[in-house]
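# What the coordinates show
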Amino acid sequence: MSSEGAQDRAQPVAADDFRRACGRFATGVTIASVVDPHGTPHGLTVNSFTSVSLDPPLVLVAVGHTASVMEAFREARFFAVNVLGAGQRELADRFARKGQDRFDGLAWHAGETGAPLLEETLGEIECAMRYRFTAGDHDLLVGQAVRTEVRAGAPLVYFGGSYRKLAEGESAGVSRSRID
Ligand SMILES: Cc1cc2nc3c(=O)[nH]c(=O)nc-3n(C[C@H](O)[C@H](O)[C@H](O)COP(=O)(O)O)c2cc1C
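Residues numbered from 1 in each chain as written. Predicted model: local features only at pLDDT ≥ 70, side-chain atom pairs only at ≥ 80, totals over all residues. Heavy atoms only, no water.

## What about the confidence of the model for the chain?
Per-residue pLDDT for the chain averages 91, and the proportion of residues at 70 or more is 89%. Low pLDDT, under 50, characterises residues 175-180; the predicted model gives this stretch 15 contacts beyond four residues in sequence or across chains. (pLDDT = per-residue confidence, 0-100. Contact = heavy atoms within 4.5 Å.)

## Quick word on the sheet that holds strand S3 (residues 41-46)
One open sheet accounts for seven strands, arranged S3-S2-S6-S9-S10-S5-S4; its pairing is antiparallel. A strand with exactly one partner marks an edge of an open sheet, and here the two such strands are S3 and strand S4 (50-53). Going across the sheet, the axis of each strand differs from the next one's by a mean of 35 degrees, ignoring polarity. Bridging between S4 and strand S5 (residues 58-64) involves three bridges; their strand directions are antiparallel. Across the sheet, Ser51 pairs through a bridge with Val59, a residue of S5. (Pairing = 2+ DSSP bridges. Helix = DSSP H or I, 4+ residues; strand = E, 2+ residues; numbered from the N terminus. Axes fitted to C-alpha atoms, helices over the stretch in contact; angles between N-to-C directions.)

## Quick word on the pairing of strand S2 (residues 30-35)
In terms of burial, S2 is largely enclosed, as five of its six residues are buried. By the bridge criterion, six bridges tie S2 to S3 in an arrangement that is antiparallel. Opposite Val34, over in S3, you have His42 as the bridge partner. Taken together, S2 and the strand that follows it, S3, pair antiparallel across an intervening segment of five residues, in which Gly39 is found at a positive phi of about 85 degrees. Pairing of S2 with strand S6 (residues 78-83), which is carried by four bridges, proceeds in the antiparallel orientation. The residue bridging Ile31 from the neighbouring strand is Asn82, located in S6. (Buried < 20%, exposed > 50% of the residue type's maximum accessible area, 1.4 Å probe, protein only.)

## Some details on the packing of aromatic side chains
Across all of its chains, the model carries four aromatic pairs by this definition. Both rings, one in Tyr131 and one in Phe133, keep their centres 6.2 Å apart while their planes meet at 20 degrees; by these two values the pair is stacked. According to the relative accessible area criterion, Tyr131 is partly exposed, its value standing at 44%. Of the aromatic side chains, those joined through ring pairs into one cluster are Phe95, Phe103 and Trp108. (Phe/Tyr/Trp six-rings, centres within 6.5 Å; stacked < 30°, edge-to-face > 60°.)

The structure is reproduced here in structure tokens:
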């Protein structure tokens, strides 16, 4: 490829093409959550969650700058990642909807770090905030896992802009584990 060609290739793709291509990557669905200094819980539906490092155990979530919860995430020392099961699509919808108290009337409790944990999720990862980067229109929040818990069940899956379930027999049972 000529250097001119390489330069052409540096142009960003159109937003729709980008969205469609990224949508070919199947993800789980999580709710990232923090509590503010007044004890009020905040959270949003997130599929940008990924594990980053094993030693130390680091995870990442990307939160959009325009998200109403952005400020609470910027100030928080801890956050939690609540991994949703196949039967928790309503929670995913609720935490992606604008203009309502997402925790109103919902069963939740504070974890050991104070971060809000939802009931009956597939897994929970409580994290201490370690790094924050700005990348485009999102903040990348990297946290060190300080406590985990897992439960058996099938995951909620997001693919091609829709929620999916794994085909029968593809979800493994797991036993509880914990890291202190
Ligand atoms: C399946 C799914 C995954 C999402 N993943 C993210 C994400 O990784 N990061 C993010 O900032 N918003 C994500 N969103 C959007 C937010 O959940 C939410 O809709 C957005 O923050 C707007 O709400 P707000 O401005 O009222 O906070 C996702 C939404 C859905 C439905």
